[in-house]
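# Inside the fold
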Amino acid sequence: MNAANLLEIHGLHLYFDTYLGTVRAVEGLDLTVSRGETVGLVGESGCGKSVSALAILGLISQPPGRIAGGKILFKGEDLLKKSPAELRNIRGKYISMIFQEPMSSLNPVYRVGDQMVEVIMLHRRVSRGEARKIALEMLHEVQMPDPEAVMQKYPFEMSGGMLQRVMIAMELSGKPDLLLADEPTTALDVTVQAQILRLMKNLVKKMNASVLLITHDLGVVAQTCDRVAVMYAGQVVEVAPTEELFTDPRHPYTRGLMGCFPDPNRQDAELAAIEGTVPDLINPPGGCRFHPRCPRAGDICGKEGPGPVAISDDHVVHCFFARQASDDHSEGGTGKGVAVLG
Amino acid sequence: MQKSISTVASAGGGVYPGAPRRGKWFKDKELGYTVHLIRQNPLMLAGLMIIILLVVVAALAPWLAPYRPTSVDLGGRLSPPSPGHLLGTDEMGRDIFSRIVYGSRISIQIAVTVVAIAGVIGSFLGAVSGYVGGRLDTVMMRVMDMILAFPSLVLAMVLAAVLGPSLTNALLAVSFVQIPKYARLVRGQALVLREKQFVKAARVIGAGDLWIITRHILPGSLSAVLVLATMGMAEAILLAASLSFIGLGAQPPEPEWGAMVAMGRDYLMDQWWLATFPGIAIFMVAVGFNILGDGLRDILDPRLRQ
Amino acid sequence: MQIWGFIVRRILYLIPVLIGVTLITFALSHLVPGDPARLIVGQRASEETLERVREELGLNKPVPVQYISYMKDLARGNLGTSIRSQRPVIQDLRERFPASFELTSLALLFCVIVAVPLGVVCAVKRNKLVDHLIRVFALFGVSMPVFWWGLILLLIFYVILGWLPGPGRIAMDIAAPAGPTGMYLLDSLIAGDWQAFGSALSHIILPAFCLSYVYLAIMTRMVRSSMLEVLNQEYIRTARANGLSEWTIVVRHGLRNALVPTVTILGLSFGELIGGAILTEAIFAWPGLGSYLVESIGFLDFPSIMGFTILICVIYVMVNLLVDIAYGLLDPQIRWN
C-alpha cells in the first residue's frame, strides 16, 4: 500500500442475486484515491459506480447484494473486514457521502438544523450548544444566506440547491478524510450546478479532504477532478489525469463518451450516441465487456479480457489496442469543448 | 432496459431487473415472475387451499355430512365429540359436524352476495363519480363520507334491526356498509385512468361516457377491486356472523356458524364443543380469504413488483 | 400558528358529516317497522291516547318540520325516551359510558404498547422467522370473530384454568367503588379501596385482551408496512451513511415518519375497535354502551338504538379529528399548507 493513497480498491466484485440470475454489477474494480485528491468515477447509469461507493461505506444491503471478492483499503485497513460498529464509526466521520437527490436525502419531519446537530454531536462528541455553533459555521462556509433561519427550516421549505448546500455542510462538518459525492449536482438546475461544484471544490481543498466524485457528466469531471476513472459495465476501462484523458483518450468507450459530450463550439453538432445497448449484467459478454459495441473490436476482444496497459505512469487503459495512435478516432474536437467548460 | 438495470444496481434493493426488450419476452417473463412470486409465498397457497376446501365441502355437503343439519335427536343432545358425532351434538341433539358442513354453503352465500352487491354498486358509483367529476363527484363522496362516519358493525346492526332479523336483511345491511370502500377505491382509479391517453383517445373518437366507464375505467380498476373483494369476503363473513351472533342474522334452525356460536354460548361452562367448532370454521375461512387477499395484493401491486 | 387554522378547517369539515349522520339516523327512525307512538303507548292503549302521543312526538307534522325539531332536540341533548327503561336515552348513555371508556382505553393502551414494537421488529427483520411469526399472529387477529374469541378466552382462563373471574365488572360481593369518574379502576384508586381495585382489575383483563387483539393486529400490520416503506427512503440511507446507530435510525428517523400514515389508518379503523367493543361487552356482560345497544336491539327499543348510534358517530368523528390533528403535529408539511 502506497502511504499517499487514502483509499485503494482492489479487485472488488459486487453481485446482486435476483430472480432472473446474478447481476454482476461490479467485477474486478481497481481504484485509488490519494490524500487531497479529487477523483472522478464516470460512466453510464447502471455501470456500477454508485454501488461501488455504497460498498465503500458498507451500505449494500445483503441480500440481495453480495461482495464476492476484493479489498477496500482505507488508510491501509480493509473496510470489508470491519465490524458493523467499526463501520458506523467510520461513516460520516472519516468517510462521508452526498447523494443525488437533496430533496429526499433529508428527513422531512425534522428541522434542517436538528439533523445537522444530530450528526455533529455524534462525530465530534460535543454538547448540543457546541454542535449548533459548528452547524452555523458550516452553513456559513457553504455561503448559506442567514444560517440562523435555515437551521429552523424543514427540508420541504427549501430549494434543491439550498438543500445540497446543507448536505455538503452536514457531510463536511465531521472533517472527513474522504467525501463520496454521488451525482451531487445532477438533480439541480444548470445554473446552480456550477455554484455547488465550485463551493464543494473550495471547501474540500481548504479541509484537505479527498473526493470520489461519481458522475455521468464529463463537464462536471473537467471542472472538478484531478484524475478520472472511466467505468463500463462494472469494470474500470481507463484511468488518467483529467487533462490527459480529455486530450488523449485511449479506450474506445472513453472516446465514445467524448463523442456524446456536446461541443459548445459546434452548434450544428449532433450528439453522437454509442452504438448498441448497455450489456445484460446477468450474462455479460465474454472477453472485453465492451466488444459488442466497440467500433474497433478484433477477434481477440471476444475471447479474453484485456489486461491493464500503461500509457504513462498514471494513465492505464484496459484495451488490446490502447497503444495504437490516439488521433485516428473520428469523434474529435472534444478537447476544446472541455477547455471551455473547465 | 438501461434504466431498470440501473435501478437494481444503484438502489441495491429491488430483485427484479425490469422488463426485457421484446414483446414476447416481456409476457413470458411477467408470467414467470408471477409464478415465482406465488411460489415464494407459500402462505398464499395455504389460503387458496382453505378456500378451495370451503367450496368443495359446500358442493359435497350432502355426501360429506353424516346427518341432516336439522335432524333433531333429543335423546342424544349435548353429547361430546365421539366417533358417532365427530364434533359432538348441540342442545337439540343435532350433529355439529354436519351443521358446520352445511353452514359452509351459507358462508359462501354471504361472501358472494355481499361482494356482488357491494362490489358492483360501489365500483359503478365510484367509476361514475371519478370519471364524471365535478359536483356529482363532490356530492357522491360526501354521501360516502356520511356512511363511513358510522362504524361498520354499528351501521350494519342498526340497519339489520330496522329491516328485521333475517339472513337476507343481514346480507343487505352488510352489503350497504361495504359500498363506500369500493366506491372510494374505484373513484381513485378512475381519476387516474381518465387522464390516460387511451381514454382521451376514446373520447376523441366519440365514445360515450357509459362506454368508457364500462370498457376502460372498470376493467382498469379490476385488479385493485379484486384484492379488496377478496379481503371484503373475509370481512363480510365476520360481520354477518357477528350479526347472527347477536340474533340479527340467520335464525335457528339454520346452520349458520355465528348463530351456532351464539347458541353454544349458553352451554360454554359444560359443553364447550357447541361454541368452539363453528367459531373455528368462521376463523379458518376468514384467514383463508385474508391470506389470499394479501397474496393477491403483493402480486398485483405494481409498486411491489418493481 | 398555522396549526390552529388547520384544526379549525378540520372542525368545519365535520359539520356536513355530522349533519349527514343525523339525516341517516332520522331516516332510519322513520323506516322503523310499526308505529313509534304505538310502541310507546303499548298495544292496549286507546286511539285517543295514541293520537295524543303522536301529537306530542310531532309525528303528524310534515317530515322536514319533524327533522328540524329532531335537530333542535339533538342540539339540546335530548335523544328521546327509552322504551325499555322509560328514562331519557341520554341519561342511560351517560350511565353506561364510563364502563365502555374504561374498557376501550385500556385495550387501546395495550394495543399501542404491543403493536408498535411488533410492527417495527417485523419491518427491521423483514422475511426472517420473527417477521413471519408476527405476521401470522396479526393475520389471525384480523380474521378473528371477536365474539368467539371472547368465549374461547372465557373458556380457557375462567372455566378451565380458573385464573381469572368470569363476566362482569367486579365481584358480586364487593361494593362497586363510588367515585367521580364511574371508572372502577380509577374510582377505587381514588378511594384507596385496594380490594375493589384488585377485583376490578382482574375482571377487566380478559375483556380488554379480547377487544385488543383485532385492533392490535390491524395496527401491527400498518406499522410494519409503513415502516418498510420508510426504511427504503433516501433519508434513511443518508442517516446510515452518517454513521447513526441502527436504533437511532429505526426509532428516530424511521418510526417518526412511519407513524404519520399509521395514525391516519388507525383513526379510520377505530370503527373496528367500536365494533369489537360491542361484541366484547355482550360476551363479558360488561355494562357499557355496547351491551346497551345489544339489549336495546333485543327490545326493539329504537329511541335507544338511535341515541346510541348518534353518540357513537360523534365519538368516532371526534377521534378522527384528533387523529387529523395528530397527523398535523407529526408531519410538518401538512401543517404548513
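### Some points on the overall build of chain C
In terms of regular secondary structure, chain C is built from 15 helices and zero strands. Across its three principal axes, chain C shows a C-alpha extent of roughly 85 × 55 × 40 Å. Across the 337 residues in chain C, those meeting the buried criterion constitute 50%. Relative to all contacts within chain C whose residues are 6 or more apart in sequence, the contacts with residues 24 or more apart total 71%. Charge separation in chain C, taken as the distance between the mean sites of 25 positive and 23 negative side-chain charges, equals 10 Å.

### Let's talk about the environment of Tyr-154 of chain A
Here Tyr-154 of chain A lies in the loop between helix H6 (147-151) and helix H7 (160-172). Considering only alpha carbons, one finds Tyr-154 of chain A and Ser-83 of chain A, 71 residues apart in sequence, at a separation of 34 Å.

### Regarding the sheet that holds strand E9 (residues 227-232) of chain A
Residues and elements named next belong to chain A. One open sheet accounts for eight strands, arranged E6-E7-E8-E3-E9-E10-E12-E11; its pairing is mixed. Edge positions in the sheet fall to strand E6 (95-98) and strand E11 (309-312), since each of these pairs with one other strand and no more. Averaged over all adjacent pairs, the angle separating strand axes in this sheet is 20 degrees, with direction ignored. Here three bridges tie E11 to strand E12 (residues 315-317), and the two strands are oriented antiparallel to one another. Each residue of the ladder has a partner; that of Ala-310, found in E12, is Val-316. Seen against the sheet, H7 touches E6 and strand E7 (178-182) and runs at an angle of roughly 175 degrees to E6.

### Some remarks on the interface of chain C and chain B
Listed per partner, the contact involves 49 residues of chain C and 43 residues of chain B. Both faces considered, chain C and chain B share a buried interface measuring about 3,800 Å² in area, 79% of it formed by carbon and sulfur atoms. Taken together, the connections running from chain C to chain B amount to one salt bridge. Of the charged contacts in the structure, one is a salt bridge between Arg-221 of chain C and Asp-294 of chain B, with a shortest N-O distance of 3.0 Å. For the pair chain C and chain B, the number of links is seven residue pairs in polar contact (both at pLDDT 80 or more). Where the side of chain C that touches chain B is concerned, the elements lending two or more residues are helix H1 (2-31), helix H6 (129-142), helix H7 (146-160), helix H9 (194-231), helix H12 (270-283), helix H13 (289-299) and helix H14 (302-330) of chain C. Taken together, the residues of the side of chain C that touches chain B break down into 39 nonpolar, six polar and four charged.

### A closer look at the domain arrangement of chain C
Residue and element names in this part refer to chain C. According to the domain assignment, chain C consists of domain 1 (2-75) and domain 2 (97-330). Between the C-alpha centres of domain 1 and domain 2 the distance comes to 32 Å. Between domain 1 and domain 2, the residue contacts involve 15 residues of the former and twelve residues of the latter. Taken together, the two surfaces of domain 1 and domain 2 that pack against each other cover about 1,300 Å², and 91% of this comes from carbon and sulfur. Of all residues in domain 1, Arg-10, Leu-14 and Leu-18 bury the most surface against domain 2, accounting for 30% of the area lost on that side. For the pair domain 1 and domain 2, the number of links is one salt bridge. One salt bridge in this structure joins Asp-324 and Arg-10, with 2.8 Å as the shortest N-O distance. Those elements giving two or more residues to the side of domain 1 that touches domain 2 turn out to be H1 and helix H4 (63-75). Taken together, the residues of the side of domain 1 that touches domain 2 break down into twelve nonpolar, two polar and one charged.

### Comments concerning the packing of H12 of chain C against H14 of chain C
Working note: a packed helix pair is described by the angle between its axes plus the distance between those axes. All names here are of chain C. In the contact formed by H12 and H14, the axes pass within 10 Å of each other and the chain directions differ by 145 degrees. Viewed along their axes, H12 and H14 form a crossing whose handedness is right-handed. Only Phe-308, Ile-312, Tyr-316 and Val-319 of H14 make contact with H12, whose side of the interface consists of Phe-270, Gly-271, Ile-274 and Ile-278. Tallied by class, residues from the contact of H12 with H14 come to seven nonpolar, one polar and no charged.

### As for a nonpolar patch on the surface
Residues and elements named next belong to chain B. Nonpolar side chains collect at one region of the surface, where Leu-45, Leu-48, Met-49, Ile-52, Val-56, Leu-60, Trp-63 and Leu-64 lie side by side and expose about 780 Å² of accessible area between them. Secondary-structure elements contributing two or more residues to the nonpolar patch are helix H3 (42-59) and helix H4 (61-64). Per element, the largest residue contribution to the nonpolar patch is five residues, and it comes from H3. Following the sequence through the fold, Val-56 ends up in helix H3.

### Examining the packing of aromatic side chains
According to the stated counting rule, one finds 20 aromatic pairs over all chains in the structure shown. Ring geometry for Trp-149 of chain C and Phe-209 of chain C: centres 6.2 Å apart, planes at 45 degrees, overall tilted. Linking Trp-149 of chain C in helix H7 with Phe-209 of chain C in helix H9, this pair joins segments that are 60 residues apart in sequence. Plain terms: the ring middles of Tyr-215 of chain C and Phe-270 of chain C are 6.4 Å apart, the flat faces sit at 85 degrees to each other, and that makes the pair edge-to-face. With Tyr-215 of chain C in helix H9 and Phe-270 of chain C in helix H12, this residue pair connects regions lying 55 residues apart in the sequence. Taking relative accessible area as the criterion, Tyr-215 of chain C reaches 3% and is therefore assigned buried. Relative accessible area serves as the criterion here: at 12%, Phe-270 of chain C is assigned to the buried category. The aromatic ring of Tyr-15 of chain A is capped on one face by Arg-24 of chain A, whose charged end is 5.2 Å from the ring centroid. Looking at Arg-10 of chain C, its charged tip hangs above the ring of Tyr-13 of chain C, at a distance of 5.7 Å from the centre.

### Some points on the environment of Ala-240 of chain B
Residue and element names in this part refer to chain B. By secondary structure assignment, the location of Ala-240 is in helix H11 (residues 222-246). Exposure remark for Ala-240: the relative accessible area of 1% places this residue in the buried category. Once the C-alpha coordinates of Ala-240 and Val-174 are considered, the two residues, 66 residues apart in sequence, prove to be 6.8 Å apart. Apart from the residues lying within four places of it in its own chain, the contact partners of Ala-240 are Ile-110 and Val-174.

### Some words on the pattern of salt bridges
Under the defined criterion, the tally for this structure stands at 33 salt bridges over all chains. For Arg-66 of chain A, the salt bridge goes to Asp-17 of chain A, with nearest N and O atoms at 2.9 Å. Residue Arg-66 of chain A is located in strand E4 (residues 65-74), and its partner Asp-17 of chain A is located in strand E1 (residues 5-18); the two are separated by 49 residues in the primary sequence. The salt bridge partner of Arg-94 of chain B is Asp-90 of chain B, with a shortest N-O separation of 3.0 Å. We note that Arg-94 of chain B, like Asp-90 of chain B, is buried. Within this structure, Asp-90, Glu-91, Arg-94 and Arg-99 of chain B form a network of salt bridges that share partners.

### Notes on the sheet that holds E4 of chain A
Pairing between the strands of a sheet comes from backbone hydrogen bonds, and it takes one of two forms, parallel or antiparallel. Residue and element names in this part refer to chain A. Reading across from one edge, E2-E1-E4-E5 is the order of the four strands in this open sheet, with antiparallel pairing throughout. Every interior strand has two partners, whereas the edge strands, strand E2 (21-34) and strand E5 (77-78), have only one. Across eight bridges, E1 lies against E4 in antiparallel orientation. Residue pairing across strands places Leu-14 opposite Ile-67, the latter belonging to E4. Contacting E1, E2 and E4, helix H1 (residues 49-56) crosses the sheet at an angle of about 115 degrees to E1.

So, how was this worked out
- Residue indices follow the written sequence of each chain, beginning from 1 at its first position.
- Note on labels: chains are lettered from A, ligands numbered from 1, in written order.
- Given that the model is predicted, a residue must reach a pLDDT of at least 70 before its local features are reported, and side-chain atom pairs must reach 80 or more before they are shown or counted; all residues, however, enter totals for whole chains, interfaces and linings.
- Water and hydrogen atoms play no part in the side-chain values, which are based on all heavy atoms of the structure.
- Secondary structure elements are taken from DSSP: a helix is a run of H or I of four residues or more, a strand is a run of E of two residues or more, and numbering for both begins at the N terminus.
- Remark: exposure states derive from per-residue accessible area (1.4 Å probe, protein chains only) relative to the maximum for the residue type, with buried under 20%, exposed over 50%, and partly exposed in between.
- Residue contacts follow a heavy-atom distance rule, with two residues in contact if any of their heavy atoms lie within 4.5 Å.
- Under the counting rule used here, the positive set is Lys and Arg, the negative set is Asp and Glu, and His together with the chain ends is not counted.
- A charge is said to be at NZ when it belongs to Lys, at CZ for Arg, at CG for Asp and at CD for Glu.
- Criterion used throughout: strands pair if DSSP finds at least two bridges between them.
- Lines fitted to the C-alpha atoms define the axes, with helices restricted to the stretch that makes contact. Angles between their N-to-C directions range from 0 to 180 degrees.
- When two parts are brought into contact, each loses some accessible area as probed by a 1.4 Å sphere; the total of that loss over both is the buried area.
- Salt bridge, as applied in this entry: a Lys or Arg side-chain nitrogen positioned within 4 Å of an Asp or Glu carboxyl oxygen.
- Pairs of N or O atoms within 3.5 Å make up the polar contacts considered here, provided that, within protein, one atom can donate a hydrogen while the other can accept it, and that residues adjacent in sequence are counted only when both atoms are side-chain atoms.
- As a working rule, the residues Ala, Val, Leu, Ile, Met, Phe, Trp, Tyr, Cys and Pro are called nonpolar, Asp, Glu, Lys and Arg charged, and the rest polar, with Gly in that last group.
- Each domain's limits were defined by an automated method or a database of domain assignments.
- Here a crossing is called left-handed whenever its near helix is offset anticlockwise from the far helix by less than a right angle, and right-handed whenever the offset is clockwise.
- Patches here are clusters of residues that have more than 30% relative accessible area and form no salt bridge, with a 9 Å joining cutoff for like charges and a 5 Å cutoff for nonpolar side chains (Val, Leu, Ile, Met, Phe, Trp, Tyr).
- Each accessible area is a Shrake-Rupley estimate made with a 1.4 Å probe; only the visible protein chains count as cover when residues are assessed.
- Here a pair means two rings of Phe, Tyr or Trp (six-membered ring of Trp) with centres within 6.5 Å. Their orientation is stacked below 30 degrees between planes, edge-to-face above 60, and tilted elsewhere.
- In this scheme, Lys NZ or Arg CZ marks a charge over a ring once it lies within 6 Å of the ring centre and within 35 degrees of the ring normal.

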